[in-house]
Amino acid sequence: MIDFDHLLFNIEFDSRTPAPGALLVAEPFLRDAYFQHAVICLIEYAPSSTAMGIVMNHPTAYSLAHLISSIDPALEIPVFCGGPLSCDRLYYMHTLGTEIIPDSRKIKQGLYIGGDFNAMTHYVNSGYPTEGCIRFFVGYSGWSQCQLDQELNEHTWAVADFDTPESLLTGRGDKYWHRKVRTLGSDFRGWRYHPQNPQAN
């Protein structure tokens, strides 16, 4: 018989301090609609300070052409919900760098956010690949001073890394969360037994 209490709660959490580009993997009991089974990429973080991140794996019902009139409507490019703040703003993370999208901000080696809007629309409308290359979000996630430190101490999040920037921009939904949980190691295997909606079981 599987001891689920032991699997879910007897976990050795990584005590390292996260940095921009690190991933926050939501613990399985987090029920907030924005963060349930979420994987967040940190954009800004310093200990005892404020923080900003983007939820990577929660798609919306919108495509990019719904939000930007200059995007070819024939292109079915998904838009994700980055979090509950500034939901009237569009963000984009990419691997394209400053040569393709000037004025991009480097988050971590090979991973960028934002940049020249016209260059971005030209890239998309030219039919270049988006999956694994660029991902679009409405809204972002933010923490007040020391808030994220407290949540990390409470084990609301497990800290992880991504293998490649391309893998970070590939996949969606609950499968994306499960994929990241598997990278946390055997201590977290109990998290994989916990469905996104327990009432559906």
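Provided above is the structure to which this section pertains.
Residues numbered from 1 in each chain as written. Predicted model: local features only at pLDDT ≥ 70, side-chain atom pairs only at ≥ 80, totals over all residues. Heavy atoms only, no water.

Participant: Would you explain the pairing of strand 5 (residues 78-81) in this entry?
Facilitator: Along any regular strand, the residues point their side chains to alternate faces of the sheet. In this sheet, strand 5 lies alongside strand 4 (residues 59-63) in antiparallel orientation, the contact comprising 2 bridges. Paired with P59 across the bridge in strand 5 is F80. The pairing of strand 5 with strand 9 (residues 134-143) spans 3 bridges and is parallel. Residue pairing for strand 9: F80 is matched across the bridge by F137. (Pairing = 2+ DSSP bridges. Helix = DSSP H or I, 4+ residues; strand = E, 2+ residues; numbered from the N terminus.)

Participant: How do you make sense of the packing of aromatic side chains when you look at a structure like this?
Facilitator: Between two aromatic rings, the relevant description is the distance of the centres plus the angle of the planes. Under the defined criterion, the tally for this structure stands at 8 aromatic pairs. Look at F80 and F137: their rings are 6.1 Å apart centre to centre, the planes differ by 50°, and that puts the pair in the tilted class. Of the two residues, F80 is situated in strand 5 and F137 in strand 9; the sequence distance between them amounts to 57 residues. Here F80 and F137 have matching classes, each one buried. (Phe/Tyr/Trp six-rings, centres within 6.5 Å; stacked < 30°, edge-to-face > 60°. Buried < 20%, exposed > 50% of the residue type's maximum accessible area, 1.4 Å probe, protein only.)

Participant: In this structure, what is going on with the nonpolar core? I would like to understand it.
Facilitator: One broad trend across soluble globular proteins is that nonpolar side chains are buried collectively. Among the nonpolar cores identified, the biggest contains 42 residues, and L24, M56, M93, L148, W157 and L168 are the most heavily contacted of them. It is strand 2 (residues 39-45) that provides the largest number of residues to this core, a total of 6 residues. With 16 residues, the next largest nonpolar core counts V79, Y92, I101 and F136 among its residues. (Core = buried A, V, L, I, M, F, W, Y, C linked by side-chain atoms within 4.5 Å.)

Participant: How do you make sense of the pattern of salt bridges when you look at a structure like this?
Facilitator: In a structure, side chains of opposite charge can pair up when their charged atoms sit close to one another. All told, the structure shown has 3 salt bridges when counted by the stated rule. Where R105 meets E44, a salt bridge forms, and the shortest distance between an N and an O atom there is 3.2 Å. With R105 in strand 7 (residues 105-108) and E44 in strand 2, this pair connects stretches of sequence that are 61 residues apart. Among the residues examined, R105 registers a relative accessible area of 39% and is labelled partly exposed. (Salt bridge = Lys/Arg side-chain N within 4 Å of Asp/Glu carboxyl O.)

Participant: So what exactly am I meant to see when it comes to the environment of S126 here?
Facilitator: One can find S126 in the loop between helix 4 (117-125) and strand 9. The exposure class assigned to S126 is partly exposed, which follows from its relative accessible area of 36%. For the pair S126 and D72, spaced 54 residues apart in sequence, the C-alpha separation works out to 9.3 Å. In terms of polar contacts, S126 uses its side chain to reach the backbone carbonyl oxygen of H122, at 2.7 Å. (Polar contact = N/O pair within 3.5 Å; in protein donor to acceptor, adjacent residues only side chain to side chain.)

Participant: Could you clarify how one ought to interpret helix 7 (residues 173-183) in this entry?
Facilitator: Of all the residues in helix 7, the buried ones are G173, Y176, W177, H178, K180 and V181. Next to the buried residues of helix 7 lie strand 1 (23-26), strand 2, strand 4, strand 9 and helix 6 (165-168). G185 lies just past helix 7 and shows a positive phi near 105°. (Contact = heavy atoms within 4.5 Å.)

Participant: Hey, could you run me through the environment of E151 in this one?
Facilitator: Checked against the element boundaries, E151 lands in helix 5 (residues 147-153). A polar atom in the side chain of E151 sits 2.8 Å from the side chain of W157.

Participant: I would appreciate a short explanation of helix 4 in the present structure.
Facilitator: Helical geometry: 3.6 residues make up each α-helical turn, so side chains three or four residues apart lie on a common side. If you check which residues of helix 4 are buried, you get A119, M120, T121, Y123 and V124. Here the buried face of helix 4 lies against helix 2 (64-67), strand 6 (85-94), helix 3 (97-100) and strand 9. At the N-terminal end of helix 4, a side-chain oxygen is found 3.2 Å from the backbone nitrogen of N118, two or three residues along, and the residue is D116. The first or second residue beyond helix 4 is G127, which carries a positive phi of 85°.

Participant: How should I be thinking about the environment of V159 in this particular structure?
Facilitator: Mapped onto the elements of the fold, V159 is located in strand 10 (residues 157-160). Between the C-alpha atoms of V159 and T17, which are 142 residues apart in sequence, the distance is 8.6 Å.

Participant: Would you mind going over unusual backbone geometry with me for this structure?
Facilitator: If a residue is not glycine, its phi is most likely negative; likewise, a peptide bond is most likely trans. In the Ramachandran plot, S48 falls in the positive-phi region, its phi being about 60° despite a non-glycine side chain. Tracing the chain through its elements places S48 in the loop between strand 2 and strand 3 (51-55). Unusually for a residue other than glycine, C146 sits at a positive phi of about 70°. Following the sequence through the fold, C146 ends up in the loop between strand 9 and helix 5.

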